[in-house]
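Residues per chain, in single letters:
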Amino acid sequence: MDKVDAGTRTEIEQLVFEHSWLMDHGHADQTWELFTEDAVSEGPMGTMVGRQAIKEWGARRVTIAGGLVRHVFGGMRLAWVDSVLCGTIYYLAFRDSSPDPLVPASMGEFQDEYAQVDGRWLIRKRTVVPILGTDNAAAHAQRIAGASHV
Amino acid sequence: MDKVDAGTRTEIEQLVFEHSWLMDHGHADQTWELFTEDAVSEGPMGTMVGRQAIKEWGARRVTIAGGLVRHVFGGMRLAWVDSVLCGTIYYLAFRDSSPDPLVPASMGEFQDEYAQVDGRWLIRKRTVVPILGTDNAAAHAQRIAGASHV
Amino acid sequence: MDKVDAGTRTEIEQLVFEHSWLMDHGHADQTWELFTEDAVSEGPMGTMVGRQAIKEWGARRVTIAGGLVRHVFGGMRLAWVDSVLCGTIYYLAFRDSSPDPLVPASMGEFQDEYAQVDGRWLIRKRTVVPILGTDNAAAHAQRIAGASHV
């Protein structure tokens, strides 16, 4: 397996943590800058195709009171798969809306593909895969989606 | 946003994990070496101004049976803010004194500022911000503070 | 203390996460490639001496339905100790066999030693040390060991 060098791993770490920090601190409207033009995002929140769709989702997301959340990371596996830099990032989602907020609402994986654009690594594909607490993840996604009808 | 390069991110990771490893393994009296002379530490444990104050706190801390603790990290966001290297580190504090020790006593953020002294990165400011389990964090801080009166 | 440079830390991160990713995704039979010939692995699962023993364990392990597991990492402290690169990695083991799968079955440390072979870092010694939930870790190890008698 080809090596992932220090410069690349550092950039991906910065990219991935920046995304979650923005999401967790009320800046969902800025996350689109971390995706490629043709990026695809899939998961409990639905499917978004293209940076513009992610931008629109983020602009709406910041207007919704989704409750306090922190995406705690638990390890990042990076590997080259057919010349594509792929990542698996474990996460725990802590929400103050949980019965016990100190027990994660869900545990899962971000299954990512990255691409370099103008020398900068961006997310080209993210699939959010809840593994434990999938019902909680689905219920939360529905609350956020439902809020759009207000 | 300016890049955080691999060398810098690595040094901060080493710095931050070293601090927690020392705290978690009974070496609180050695953590002062990781702070600048003018460092400020704030949080549930109170405010400490200057490396000397942190040194004195650590010297006392190792004499107190505070129970088993592990500061589990969950992601580190580094960013340059007005030419200062800032970090947000998510943590889960597991304590054997908790009703269920496998549920974190608290979840929060270390909000850090770093400075380079003689070519070495050190902590210049650390603000410990419990986000979930704040009552547990406060109660633990009181037990530690109260222990000083023995 | 000698510095751990970016290239080295990156390689160890890649090594350690690769190991857990393989374990968590049904590829225990491939983990032996990440160990030195003379590697020793100790912990609740027993002691394995040599890469061959680790290979045999892995080959058997993939035939056992051990349930879903994710080894969530919570920080990696690397340090040179007497010219040996040592690591302490915090982990949370989430299992779908737990009464509440969103509460980790155990929390502990991988206490590692690494060695460079042909320019590539490998695990020379791993000691798995459960710290919280030790009963759960022991019970799981017994289930896995017992399964070999089928």
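Residues numbered from 1 in each chain as written. Chains lettered and ligands numbered in written order. Predicted model: local features only at pLDDT ≥ 70, side-chain atom pairs only at ≥ 80, totals over all residues. Heavy atoms only, no water.

Enquirer: Describe the overall build of chain A, and please don't skip the residues or the numbers.
Expert: Tallying secondary structure elements over chain A gives 3 helices and 6 strands in all. Its helices and strands in sequence order give chain A the pattern α-β-β-α-β-β-β-β-α, from N to C terminus. Taken over the C-alpha trace, chain A has a radius of gyration of 15 Å; the compact-globule value for 150 residues is 15 Å, and the two agree within 12%. Across its three principal axes, chain A shows a C-alpha extent of roughly 45 × 30 × 25 Å. (Helix = DSSP H or I, 4+ residues; strand = E, 2+ residues; numbered from the N terminus. Rg over C-alpha atoms; globule rule 2.2 N^0.38 Å.)

Enquirer: Outline the sheet that holds strand β6 (residues 120–132) of chain A, supporting the account with residue identities and numerical values.
Expert: Residues and elements named next belong to chain A. The strand order across the open sheet built from 6 strands is β2-β1-β6-β5-β4-β3, with neighbouring strands paired in mixed fashion. Pairing within the sheet leaves two strands with one partner each, and these edge strands are β2 (48–49) and β3 (69–81). Note: strand β4 (residues 84–95) against strand β5 (residues 106–117), 9 bridges, orientation antiparallel. Within β5, the residue paired with Tyr90 across the bridge is Glu109. Here helix α1 (residues 6–24) sits on the sheet and contacts β1 (35–42), β3, β4, β5 and β6; the angle it forms with β3, its principal contact strand, is near 155 degrees. (Pairing = 2+ DSSP bridges. Contact = heavy atoms within 4.5 Å. Axes fitted to C-alpha atoms, helices over the stretch in contact; angles between N-to-C directions.)

Enquirer: An account of the interface of chain C and chain A is requested, with residue identities and associated values reported.
Expert: Many structure descriptions define interface size as the accessible area lost when the parts assemble. With 25 residues of chain C in contact, the opposing surface of chain A contributes 26 residues. Both sides together, the interface formed by chain C and chain A hides about 1,900 Å², and carbon and sulfur atoms give 63% of it. Its largest share of buried area at the contact with chain A, chain C owes to Gln14, Trp21 and Leu102 of chain C, together 32% of the area lost on that side. For the salt bridge of Glu11 of chain C with Lys3 of chain A, the shortest nitrogen-to-oxygen distance reads 3.1 Å. Put simply, chain C and chain A have 10 residue pairs in polar contact (both at pLDDT 80 or more) between them. Looking at the side of chain C that touches chain A, the elements with two or more residues in it are α1 (6–24), β3 (69–81) and β4 (84–95) of chain C. Ranked by residues supplied to the side of chain C that touches chain A, first place goes to α1 of chain C with 11 residues. Here the side of chain C that touches chain A is composed, by residue class, of 11 nonpolar, 7 polar and 7 charged. (Buried area = accessible area lost by both parts, 1.4 Å probe. Salt bridge = Lys/Arg side-chain N within 4 Å of Asp/Glu carboxyl O. Polar contact = N/O pair within 3.5 Å; in protein donor to acceptor, adjacent residues only side chain to side chain. Nonpolar A, V, L, I, M, F, W, Y, C, P; charged D, E, K, R; others polar.)

Enquirer: I'd like a description of the relation of the copies chain C and chain A, backed by residues and values.
Expert: Aligned on chain A, chain C shows an RMSD of 0.0 Å; the corresponding rotation is 120 degrees and the shift along the axis is 0.0 Å. The symmetry that links the two subunits is that of a three-fold axis. A share of only 20% of interface residues in chain C that are also interface residues in chain A marks the association as one of differing surfaces. (Least-squares fit on C-alpha atoms with pLDDT ≥ 70 in both.)

Enquirer: Now, about the relation of the copies chain B and chain A: what can you tell me, with residues and values included?
Expert: Its rotation angle being 120 degrees, the transformation that places chain B on chain A also includes 0.0 Å of axial translation and leaves an RMSD of 0.0 Å. Taken together, the interface assignments show that only 19% of the residues at the interface of chain B recur at the interface of chain A, consistent with different surfaces on the two copies.

Enquirer: I'd like to hear about helix α3 (residues 134–146) of chain B, residue by residue, with values.
Expert: All names here are of chain B. Helix length check: α3, at 13 residues, gives a terminal C-alpha distance of 18 Å against a target of 18 Å (1.5 Å per residue), a fit within 8%. When α3 is considered as a whole, its buried residues turn out to be Ala137, His140, Ala141 and Ile144. Take α3 and look down its axis: the buried residues cluster within an arc of 100 degrees, on one side only. Turned more than 90 degrees away from the buried face of α3 sit Asp135 and Gln142, all of them exposed. Looking at the buried positions of α3, the neighbouring elements they touch are α2 (51–61), β4 (84–95), β5 (106–117) and β6 (120–132). (Expected span 1.5 Å × (residues − 1). Buried < 20%, exposed > 50% of the residue type's maximum accessible area, 1.4 Å probe, protein only. Arc of directions from axis to C-beta.)

Enquirer: Can you tell me about the packing of helix α1 (residues 6–24) of chain B against α1 of chain C, naming the residues and giving the values?
Expert: The contact between α1 of chain B and α1 of chain C brings their axes to 9 Å, and the two run at 65 degrees. It follows that α1 of chain B is roughly perpendicular to α1 of chain C by the angle criterion. The chirality of how α1 of chain B crosses α1 of chain C is left-handed. Contacts from Ala6, Gly7, Thr10, Glu13, Gln14 and Phe17 of chain B of α1 of chain B reach α1 of chain C at Ala6, Arg9 and Glu13 of chain C. Among the residues forming the contact of α1 of chain B with α1 of chain C, the class breakdown is 3 nonpolar, 3 polar and 3 charged. (Parallel < 35°, antiparallel > 145°, perpendicular 65-115°, else oblique. Left-handed = near helix turned anticlockwise from the far one by under 90°.)

Enquirer: Go over the interface of chain B and chain A with me, naming the residues and quoting the values.
Expert: In this complex, chain B contributes 26 residues to the contact, which on the side of chain A involves 25 residues. Taken together, both faces of the contact between chain B and chain A bury some 1,900 Å²; the carbon and sulfur share is 63%. Contact with chain A buries surface across chain B, with Arg77, Tyr90 and Leu132 of chain B losing the most and accounting together for 31% of the total. Counting across the interface, chain B meets chain A through 4 salt bridges. Between Arg70 of chain A and Glu109 of chain B there is a salt bridge; the shortest N-O distance is 2.7 Å. Where chain B packs against chain A, one counts 10 residue pairs in polar contact (both at pLDDT 80 or more). Ranked by residue count, the leading element in the side of chain B that touches chain A is strand β3 (residues 69–81) of chain B, at 6 residues. Residues of the side of chain B that touches chain A, tallied by class, amount to 14 nonpolar, 6 polar and 6 charged.

Enquirer: Would you mind going over the pairing of strand β1 (residues 35–42) of chain B in detail, with residue names and values included?
Expert: Residue and element names in this part refer to chain B. Pairing of β1 with β6 involves 4 bridges; the strand directions are parallel. Opposite Val40, over in β6, you have Lys125 as the bridge partner. Bridge count for β1 against strand β2 (residues 48–49) is 2 bridges, and the pairing is antiparallel. Along β2, the bridge assignment pairs Ser41 with Met48. Once β1 ends, the chain turns through 5 residues before running back antiparallel as β2, passing Gly43 with a positive phi of about 155 degrees.

Enquirer: Could you give an account of the sheet that holds β1 of chain B, naming the residues involved and the relevant values?
Expert: Across the sheet, 6 strands lie side by side as β2-β1-β6-β5-β4-β3 (chain B); this open sheet has mixed pairing. Edge positions in the sheet fall to β2 and β3 of chain B, since each of these pairs with one other strand and no more. Of the strands in this sheet, β3 and β4 of chain B are in contact with α1 of chain A, which crosses β3 of chain B at around 95 degrees. Here α1 of chain B sits on the sheet in contact with β1, β3, β4, β5 and β6 of chain B, set at roughly 155 degrees to β3 of chain B.

Enquirer: Give a detailed account of the environment of Pro101 of chain B, specifying residues and quantitative values.
Expert: In this fold, Pro101 of chain B is placed in the loop between β4 and β5. Accessibility expressed as a relative area gives 24% for Pro101 of chain B, which makes it partly exposed. Ignoring sequence-local partners within four residues, the contact set of Pro101 of chain B consists of Phe94, Arg95 and Asp96 of chain B together with Leu132 of chain C.

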